[in-house]
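Letter by letter, the chains look like this.
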Number of protein chains: 2
Amino acid sequence: MMDQKVYPFSAGNRTMSDLLGGKGANLAEMATLGIPVPDGFTITTRVCQEYLRTGGLTDDLLEEIDKAIIDLEKKIGKSFGDPNNPLLVSVRSGAKFSMPGMMETVLNVGMSPEVAATLEKITGDSRFAWDSYRRFIEMFGKTVCEIPSESFAKVAEPLIKAAGGKTIADLDGPGLKAAGDAFIQVVEKHTGLPFPFDARSQLTRAIEAVFHSWNSERAQLYRRRERISADLGTAVNVQAMVFGNIGETSGTGVCFTRDPGSGAPGAYGDYLPRAQGEDVVAGIRNAFPLTHLGVVNPEAFAELNRIMALLEDHYRDMCDIEFTVEQGKLWILQTRVGKRTAEAAFKIATQLVDEGSITMDQALTRVNGEQLVQLMFPQFDKASAPKELTRGIAASPGAAVGSVVFDPRDAADQALAGKKVILVRRETNPDDLVGMVAAQGILTARGGKTSHAAVVARGMGRPAVCGTESIEVNVDEKFFTCGDVRVHEGDLISIDGTTGAVFLGEVAVVPSVVTEYVQGIVDPGAATSTALIKSIHRIITHADSVRRMSVRANADTPEDAEIARRMGAQGIGLTRTEHMFLGDRRVLVETLVLATTDEERTEVLAEMEKLQFSDFVGILRAMTGLPVTIRLLDPPLHEFLTDQASLAVDIALTQERGEAVDERKLALNRAVNRLHESNPMMGLRGVRLGVLIPDLFSMQVRALTRAALHVRAQGYDPQPEIMIPLVASQRELLYFRSSLETEVARVLENAGEQMHISIGSMIETPRAAITAAKLADYSDFFSFGTNDLTQLTWAFSRDDVESSFLPRYLDLELLPFSPFESLDQDGVGLLVKIACDEVRTVNPEMKLGVCGEHGGDPRSIDFFHHVGLDYVSCSPFRVPVARLEAGRAAVSDHATTGSA
Amino acid sequence: MMDQKVYPFSAGNRTMSDLLGGKGANLAEMATLGIPVPDGFTITTRVCQEYLRTGGLTDDLLEEIDKAIIDLEKKIGKSFGDPNNPLLVSVRSGAKFSMPGMMETVLNVGMSPEVAATLEKITGDSRFAWDSYRRFIEMFGKTVCEIPSESFAKVAEPLIKAAGGKTIADLDGPGLKAAGDAFIQVVEKHTGLPFPFDARSQLTRAIEAVFHSWNSERAQLYRRRERISADLGTAVNVQAMVFGNIGETSGTGVCFTRDPGSGAPGAYGDYLPRAQGEDVVAGIRNAFPLTHLGVVNPEAFAELNRIMALLEDHYRDMCDIEFTVEQGKLWILQTRVGKRTAEAAFKIATQLVDEGSITMDQALTRVNGEQLVQLMFPQFDKASAPKELTRGIAASPGAAVGSVVFDPRDAADQALAGKKVILVRRETNPDDLVGMVAAQGILTARGGKTSHAAVVARGMGRPAVCGTESIEVNVDEKFFTCGDVRVHEGDLISIDGTTGAVFLGEVAVVPSVVTEYVQGIVDPGAATSTALIKSIHRIITHADSVRRMSVRANADTPEDAEIARRMGAQGIGLTRTEHMFLGDRRVLVETLVLATTDEERTEVLAEMEKLQFSDFVGILRAMTGLPVTIRLLDPPLHEFLTDQASLAVDIALTQERGEAVDERKLALNRAVNRLHESNPMMGLRGVRLGVLIPDLFSMQVRALTRAALHVRAQGYDPQPEIMIPLVASQRELLYFRSSLETEVARVLENAGEQMHISIGSMIETPRAAITAAKLADYSDFFSFGTNDLTQLTWAFSRDDVESSFLPRYLDLELLPFSPFESLDQDGVGLLVKIACDEVRTVNPEMKLGVCGEHGGDPRSIDFFHHVGLDYVSCSPFRVPVARLEAGRAAVSDHATTGSA
């Protein structure tokens with residue numbers, strides 16, 4: 001069949017998660033392995049996609065479902081909707097990527113008063129039968145008819161009270177029947193229609209409700225956080241019901257084949273007698289440890305252990321299993337590769353290698369860079385057992401301690417005075433930026449992972465806890481409350497942006513031992529080294545051995561270069577020389593701009609050259625033997641000068657006071673006005689400055705060449721590369737490159753030395769990307785500047801985007817994530833790919849790299865590997881992440897990941 | 001042969017101008033037609049390209065040249081370098097596109113004292129023989145050895161004086177020999193080497209000199225002005241010499257087959273007895289009218305007339321012919337399709353049609369939009385016979401009259417006071433912008449067509465005359481001189497940016513009759529209508545009948561829409577609604593931004609809606625029956641607010657004075673700071689504003705829909721289209737489009753009416769271009785915004801580019817032209833092409849247009865036709881140009897242009 005819409009479990013397997021969702025694919029796999037899975041079938045994700053487009057189920061589909069039900073009836077020997085021999089089914093969502101609890105489930109579909117009566121007769125368990133009845137009505141009402149929970153609670157209350165109970169579980173069979181009947185009234189009153197006791201109509205409405213729940217608000221939020229595409233849709237699994245709530249010989253549980261928290265080997269889980277799955281998830285009653293099953297039903301426990309071993313062996317990974325025991329018999333309802341903490345991920349991966357279950361290549365695919373990042377943040381000292389006040393959304397990772405401030409301007413003032421502060425707001429807006437920059441961390445009562453506060457905090461690398469619904473912020477009176485606790489301005493608090501925890505008082509922060517390891521401070525081979533460090537070391541070492549891309553760092557100072565080298569950087573991919581003209585040296589640029597005679601110019605350039613020479617000497621020495629890419633001056637000159645508005649105010653005020661304005665200030669004002677640009681990002685910068693002010697750039701090249709010769713004479717091995725920013729056309733590249741070559745040749749000739757210094761171009765304008773094959777004639781290497789390329793491709797100014805429309809765009813799911821955090825592969829990535837393909841056509845050997853911040857982003861690194869870049873360059877701290885991800889990308893083509 | 005380097009005239013034809021240059025291809029064509037052309041051969045442009053890359057002539061080439069010389073010797077029966085039977089040759093440049101006088105020529109190659117003596121013997125004309133000798137030495141010295149003219153003039157002077165003459169032409173044979181010998185000393189002294197009398201060595205050095213001259217400064221300037229690619233290179237024509245300077249039966253001349261100035265039929269030209277071609281070009285002696293040849297040599301004259309008729313018939317166009325009569329015999333040295341004035345171009349084209357020589361399709365290819373533009377500018381009234389003071393470079397077309405001002409700030413002040421001024425500067429720089437904007441026109445003493453003044457003036461549409469070398473500007477004392485004339489500040493002058501003429505006093509300006517015709521004021525069918533108007537009318541009417549693309553106009557007011565309609569616009573391609581919020585209405589936007597309550601918001605939006613409603617009513621009425629594309633608000637809101645710096649100064653000064661600052665001003669200051677963006681071009685504008693401030697855009701759509709219904713009720717046929725600016729992704733387009741559709745539907749429902757209003761997207765971000773196929777799902781049409789697309793593709797901010805680096809880039813030939821004037825086809829055009837191709841793949845019927853200013857640029861229009869756009873939209877004044885060019889583009893695929 002061209003477009004099969006319904007797959008019985010026997011027709012699928014675990015590779016089909018695109019079509020059947022993760023749950024459906026794994027149910028099919030287990031059925032094939034002979035594991036006791038209640039029979040059923042899966043409706044594909046493609047049906048969901050179509051449903052969401054058209055809003056209806058097609059006749060074709062209904063026909064296929066009917067056929068599948070008839071097949072199921074034959075296998076089970078029961079009949080759907082037959083009051084005498086009833087088949088009941090569950091209807092569950094199951095997307096490609098697990099979204100636990102985010103979508104809807106309807107159990108006991110096929111129920112009616114007659115069916116419940118038959119169940120009572122068959123099982124002899126009146127409470128079970130009518131509880132199933134009551135549960136179905138309630139679930140159908142909430143999920144399909146979208147009736148609020150309270151409506152049901154309200155009508156149940158008098159019944160419970162009359163029975164002298166506290167919860168609905170205290171009712172007996174007749175009580176539960178009465179509750180179910182009362183719930184039917186609620187539904188009928190709400191919908192204005194009779195309750196549908198026709199089994200097939202229940203089924204189709206339940207299926208529609210599951211599809212519908214793909215776009216529920218919480219599902220959308222979850223997807224955005226997990227960067228799951230909104231287009232995928234969910235599959236629906238229809239499965240014969242088994243009951244964990246028939247008498248004392250029944251029960252339900254969840255187990256893991258290893259500890260998902262610590263990674264310790266051995267089964268781990270919970271068992272709840274006389275219960276259905278939803279009771280476990282809801283945590284209504286306290287569960288027993290898994291071993292309890294061994295006590296009450298040794299056969300089922302042995303069978304479960306056998307299945308756990310079988311599944312772990314089959315999936316070659318730690319599995320998460322849901323099971324039910326129905327009147328003594330074990331049924332497996334679901335399995336998947338289990339979620340785990342970052343620490344467990346590394347430890348389990350190497351355990352499995354040691355057990356001969358997977359290869360090191362596979363181990364590499366079991367961990368990721370984000371997990372490594374999590375382990376590298378400083379953490380609160382757990383040994384100090386801090387008292388957690390509350391918990392919000394972990395919005396921007398890291399630990400921060402400071403005294404509470406409510407007003408952003410106060411935060412800025414206090415920070416300036418050297419005080420560590422935590423900015424606490426109901427929510428933030430662009431006006432709060434000044435305080436957010438100044439604070440150690442940010443705590444808000446409202447807003448999720450994509451709120452303004454969260455986006456900005458992540459952009460700045462500030463820890464943040466957002467959406468802490470349990471706190472009430474009173475800005476005017478400068479305190480916030482959390483339950484009975486009142487926290488005043490000036491009180492110390494600690495926030496953990498990695499977990500979302502908020503603590504009262506100062507919690508001690510300990511540096512991460514993982515960071516100490518990647519910096520070379522902790523020796524992974526030492527006897528005292530932890531299992532975690534040994535695991536990480538083995539996996540990163542393996543990543544280094546398999547990756548094709550090399551990893552460089554962006555570093556502007558000798559100190560950063562040294563850190564990068566310790567972190568494993570194989571060179572510098574970007575040295576921003578403009579950073580060398582900030583601070584005290586700003587005045588040099590000002591002097592250059594204001595120079596009116598050749599002598600003044602020559603003098604200030606000579607002074608600059610002296611400083612640049614020593615900058616370059618330091619960096620080249622630190623990176624001896626490794627390539628160092630020096631980017632020539634990039635930003636517009638006015639960035640080094642005083643701000644236009646403040647200068648205008650200053651001069652106007654001085655004049656108003658009748659005082660004389662300093663001549664230099666007037667000259668500066670003229671220069672600032674002359675150099676002012678409406679859109680400096682697209683203005684006189686990069687290679688254009690080089691064309692207009694060639695002596696400034698000759699100075700840089702001269703300083704670099706001299707520094708390289710100097711360092712070589714000291715016995716080092718300098719490998720400088722010159723990089724030209726903002727190139728847009730072949731002609732300007734050729735022209736400017738020639739002028740640089742002339743300067744390099746002149747220095748070498750004067751020194752009587754030989755040295756090869758390659759000259760390459762950045763690709764950061766869309767024009768450079770689409771004409772890269774032409775630029776290749778005059779470039780020794782290319783480095784993609786994906787920050788600027790993203791700005792220009794989208795027309796997003798990075799300086800403005802976080803304070804203007806990006807948060808709103810993320811909220812509305814108009815963007816799946818910030819294109820400055822992770823590469824927009826469909827747009828910007830397409831330009832990168834076009835450029836790579838074109839360049840490789842004319843010069844297969846051209847060295848290609850990336851030096852935008854995407855060079856340190858896991859999914860971007862994978863993309864860069866696959867378009868064929870030779871290296872990525874990122875901030876020093878991200879180097880270990882990039883090494884790991886480059887290794888993962890390299891094995892992703894051929895390794896069997898073993899996960900479903 | 002794979003790569004033939006040398007083509008004898010017999011081997012080429014006129015279609016080979018890429019390879020042989022225009023001159024070489026036409027010489028070959030004439031040879032084939034049996035026209036008496038001195039024999040010779042052509043070295044290809046490809047050889048030149050290689051020479052310019054490598055700097056040398058290859059052995060292969062030298063061998064081919066040798067073979068060609070031997071063939072030539074055989075045909076002519078003379079021998080190159082043989083003193084007894086000498087063959088002399090000319091060596092001339094000849095590029096694909098004519099560059100008259102821009103490159104080098106060396107005549108009489110093969111000359112030596114012995115050869116000259118033989119010539120004397122053969123012709124019996126001693127003066128001729130030694131004049132040829134002297135000319136060769138001088139020409140070789142100047143051209144090949146790069147010796148300044150003065151060096152030769154200096155040694156000739158005493159000889160001329162001794163002979164009692166005034167010019168070198170006054171010398172007799174022996175005197176000319178002495179001059180030649182003295183010139184040899186000059187060359188040998190300058191080069192330090194003996195003068196090369198070896199014929200082959202003279203030839204190769206002359207060839208190299210011609211190649212070299214491709215990159216002379218004047219050639220580069222010319223190419224830039226004419227937009228000729230620097231990569232083409234020139235061919236070299238080596239041709240047997242014929243002499244117009246042997247006795248009285250010889251002479252030389254230039255003729256046209258029709259008058260190139262007025263277009264009048266009948267031959268037109270000059271004849272100069274006893275002279276060589278260079279004498280005609282140099283204008284050293286006064287020439288006779290062509291008919292003089294008929295008097296002195298009726299046979300040659302008849303032959304020339306026969307050949308003129310033959311060539312015009314063959315080329316089916318007016319030809320420009322250079323000829324020489326050698327001892328009574330006529331030789332044709334060169335022909336090409338003749339250059340002509342705009343007026344002549346139109347008139348000749350229709351004459352040729354009437355004569356049955358060409359079709360109307362071909363006539364269309366003989367004129368172009370730039371010529372039409374020239375004819376449309378207001379002109380100075382020639383009838384008033386103004387006295388021309390001097391002439392500079394025609395840098396920006398149009399006529400301007402005003403009083404002279406030297407200081408840009410004075411210019412601004414006087415213009416503000418209602419005075420018309422001409423800004424006169426030595427040269428301009430970005431600081432002068434304020435005065436340039438205020439002036440009627442600009443006159444500078446320095447700088448060419450790509451100088452700052454010229455580029456900026458063209459950008460603003462201000463007439464400008466630049467590089468007027470004959471004037472001296474004294475800014476401090478506020479006057480300029482031109483020879484003896486002194487012009488003071490306040491004196492009236494008139495400048496003609498179309499011709500470069502500068503007049504003293506006020507010259508009357510008359511509107512162009514062509515403009516009156518295209519505006520429908522002059523009836524082309526009237527008996528009084530001029531031949532020019534009749535020609536233009538026939539050609540434009542034909543263009544309308546053949547073009548595939550329709551032509552729309554960009555118009556923001558009912559008045560502009562009416563003008564556009566009269567000019568032939570077939571709809572409005574762009575109505576910029578932001579222009580409707582300037583002037584008095586600016587305060588509405590301010591009020592909206594400052595609104596703090598829903599009531600305030602609703603109130604100001606209601607007021608805006610009232611105004612927008614009447615804006616739209618006017619435009620839709622004016623364009624009844626034609627499509628009107630309304631672009632929703634595009635610019636960032638802060639563009640409507642007070643400037644940040646001036647507001648800051650204002651508030652600071654008020655506070656300094658101890659006065660209270662107005663509350664609204666403070667609120668405005670906060671808003672301005674909040675809305676301030678580093679790069680507004682890439683900021684919160686277009687569709688992003690629509691997402692963040694939906695009610696503002698709903699208001700626009702509501703006003704438009706209501707206006708359309710209102711106008712329809714009045715009996716008009718409104719065809720509104722809504723266009724969404726700055727779209728970058730499918731999701732935002734879908735989201736925003738839905739909100740607009742909802743609003744349209746609501747208005748229609750309330751009115752109980754039906755109307756189709758299509759909704760389309762601009763393509764102006766690179767991302768929209770490369771993902772256009774995805775946007776096509778939710779767009780009814782696309783319009784390329786090539787202004788913004790150019791900004792983003794190049795990272796050129798249009799607001800800044802003319803005041804910063806563009807003039808310098810043009811000077812250095814790093815850009816062939818401003819990409820904002822004419823579409824950058826290799827970069828921005830490639831994105832347009834990618835988008836068109838992708839969109840046509842998914843939807844062949846999608847309507848595609850362009851509304852950037854390139855929509856009115858001739859070569860861009862040709863490009864848009866060829867990528868398959870359905871329409872171009874341009875300013876109303878450009879509509880006739882676009883109609884003409886769209887017609888030319890349509891016939892360019894199949895018409896035989898008949899030109900070489």
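Residues numbered from 1 in each chain as written. Chains lettered and ligands numbered in written order. Predicted model: local features only at pLDDT ≥ 70, side-chain atom pairs only at ≥ 80, totals over all residues. Heavy atoms only, no water.

## Regarding the overall build of chain A
Right, on to step 1. Counting secondary structure elements, chain A contains 36 helices and 33 strands.
Right, on to step 2. For 900 residues, the compact-globule formula gives about 29 Å, and the C-alpha radius of gyration of chain A, at 33 Å, lands near that figure.
Right, on to step 3. By its C-alpha atoms, chain A is 105 × 65 × 60 Å across when sized along the principal axes.
Right, on to step 4. Expressed as a percentage of its 900 residues, the buried residues of chain A come to 56%.
Right, on to step 5. A fraction of 68% describes how many contacts in chain A between residues 6 or more apart in sequence connect residues 24 or more apart.
Right, on to step 6. On chain A, roughly 35500 Å² of surface is accessible, and the fraction owed to carbon and sulfur atoms is 50%. (Helix = DSSP H or I, 4+ residues; strand = E, 2+ residues; numbered from the N terminus. Rg over C-alpha atoms; globule rule 2.2 N^0.38 Å. Buried < 20%, exposed > 50% of the residue type's maximum accessible area, 1.4 Å probe, protein only. Contact = heavy atoms within 4.5 Å. Areas by Shrake-Rupley, 256 points an atom, 1.4 Å probe, with all protein chains shown as cover.)

## Section: a negative patch on the surface
Residues and elements named next belong to chain A.
Right, on to step 1. Taken together, the side chains of Asp 598, Glu 599, Glu 600, Glu 603 and Glu 607 make up a negatively charged region of the molecular surface.
Right, on to step 2. Looking at the element boundaries, Glu 599 is found in helix H23 (residues 598-622).
Right, on to step 3. Take Glu 599: its relative accessible area is 57%, and that puts it in the exposed class. (Patch = residues over 30% accessible without salt bridge, like charges linked within 9 Å, V, L, I, M, F, W, Y side chains within 5 Å. Salt bridge = Lys/Arg side-chain N within 4 Å of Asp/Glu carboxyl O. Lys, Arg positive; Asp, Glu negative; His and termini not counted. Charge placed at Lys NZ, Arg CZ, Asp CG, Glu CD.)

## As for the pattern of salt bridges
All names here are of chain A.
Right, on to step 1. A complete count under the given rule lists 102 salt bridges over all chains for this structure.
Right, on to step 2. A salt bridge links Arg 336 to Asp 320, with the nearest nitrogen and oxygen atoms 3.3 Å apart. Of this pair, Arg 336 sits in strand E12 (residues 329-337) while Asp 320 sits in strand E11 (residues 319-326); the two residues are 16 residues apart in sequence, bridging distant segments of the chain.
Right, on to step 3. Classification of Arg 336 by relative accessible area gives partly exposed; the value is 22%.

## Side note on the relation of the copies chain A and chain B
Right, on to step 1. Turning chain A through 180° and shifting it by 0.0 Å along the axis lays it on chain B, with an RMSD of 0.2 Å. Here the copies are linked by what is in effect a two-fold axis.
Right, on to step 2. The residues that chain A uses at the interface reappear at the interface of chain B in 98% of cases, marking a shared surface. (Least-squares fit on C-alpha atoms with pLDDT ≥ 70 in both.)

## Here's the deal with the packing of aromatic side chains
All names here are of chain A.
Right, on to step 1. The final tally for this structure, using the stated rule, is 34 aromatic pairs over all chains.
Right, on to step 2. Between Phe 128 and Phe 243, the ring centres sit 4.9 Å apart and the planes meet at 70°, which makes this aromatic pair edge-to-face. Of the two residues, Phe 128 sits in helix H5 (residues 126-143) while Phe 243 sits in the loop between strand E7 (234-240) and strand E8 (251-258), which places them 115 residues apart along the sequence.
Right, on to step 3. In this structure Phe 128 comes out as buried when scored by relative accessible area, which is 1%.
Right, on to step 4. For Phe 243, a relative accessible area of 6% translates into the label buried.
Right, on to step 5. Grouped by ring-pair contacts, the aromatic residues Phe 136, Phe 140, Phe 195 and Phe 197 constitute a single cluster.
Right, on to step 6. The ring of Trp 130 has Lys 177 lying over it, and the distance from NZ or CZ to the ring centre is 5.2 Å.
Right, on to step 7. One Lys or Arg, Lys 847, reaches over the ring of Phe 781 and ends 5.8 Å from the middle of that ring. (Phe/Tyr/Trp six-rings, centres within 6.5 Å; stacked < 30°, edge-to-face > 60°. Lys NZ or Arg CZ within 6 Å of the ring centre and 35° of its normal.)

## Here's the deal with the interface of chain A and chain B
Right, on to step 1. Residue-level contacts link 56 residues of chain A with 55 residues of chain B.
Right, on to step 2. Between chain A and chain B lies a buried interface of about 5200 Å² when both sides are counted; carbon and sulfur atoms form 62% of it.
Right, on to step 3. For chain A, the biggest contributors to the area lost against chain B are A:Met682, A:Arg731 and A:Arg767; these three give 14% of the whole.
Right, on to step 4. Where chain A meets chain B, there are six salt bridges.
Right, on to step 5. In this structure, B:Asp826 engages A:Lys774 in a salt bridge whose closest nitrogen and oxygen atoms are separated by 3.7 Å.
Right, on to step 6. At the surface where chain A touches chain B, the tally comes to 20 residue pairs in polar contact (both at pLDDT 80 or more).
Right, on to step 7. Looking at the side of chain A that touches chain B, the elements that each hand over two or more residues are helix H24 (644-656), helix H26 (687-692), helix H28 (730-751), helix H29 (766-770), helix H31 (786-794), helix H32 (798-801), helix H33 (806-811) and helix H34 (828-842) of chain A.
Right, on to step 8. The residue inventory of the side of chain A that touches chain B, partitioned by class, reads 29 nonpolar, eleven polar and 16 charged. (Buried area = accessible area lost by both parts, 1.4 Å probe. Polar contact = N/O pair within 3.5 Å; in protein donor to acceptor, adjacent residues only side chain to side chain. Nonpolar A, V, L, I, M, F, W, Y, C, P; charged D, E, K, R; others polar.)

## Focus on the environment of A:Gly715
All names here are of chain A.
Right, on to step 1. Residue placement: Gly 715 occurs in the loop between helix H27 (694-713) and strand E29 (719-724).
Right, on to step 2. On the basis of relative accessibility, which here comes to 66%, the residue Gly 715 falls in the exposed class.
Right, on to step 3. Expressed as a C-alpha distance, the spacing of Gly 715 and Glu 838, which sit 123 residues apart in the sequence, is 40 Å.

## Quick look at the sheet that holds strand E10 (residues 288-289) of chain B
All names here are of chain B.
Right, on to step 1. If you trace the five strands from one edge of the open sheet to the other, you get E10-E9-E8-E11-E12, paired in antiparallel fashion. Each edge of the sheet is formed by a strand with only one pairing partner; in this case those strands are E10 and strand E12 (329-337).
Right, on to step 2. Of the pairings in the sheet, the one linking strand E8 (residues 251-258) to strand E9 (residues 265-273) comprises seven bridges and is antiparallel in character. Bridge assignment links Arg 258 to a residue of E9, and that residue is Pro 265. (Pairing = 2+ DSSP bridges.)

## Digging into the state of the cysteines
In protein structure, a disulfide is the covalent linkage between the sulfur atoms of two cysteines.
Right, on to step 1. Considering all chains together, one arrives at zero disulfides over all chains under this definition.
Right, on to step 2. Free cysteine: A:Cys48, not disulfide-bonded; nearest cysteine sulfur from A:Cys145 at 20 Å. (Disulfide = S-S within 2.5 Å.)

On their own, these measurements won't tell you what the molecule is for.
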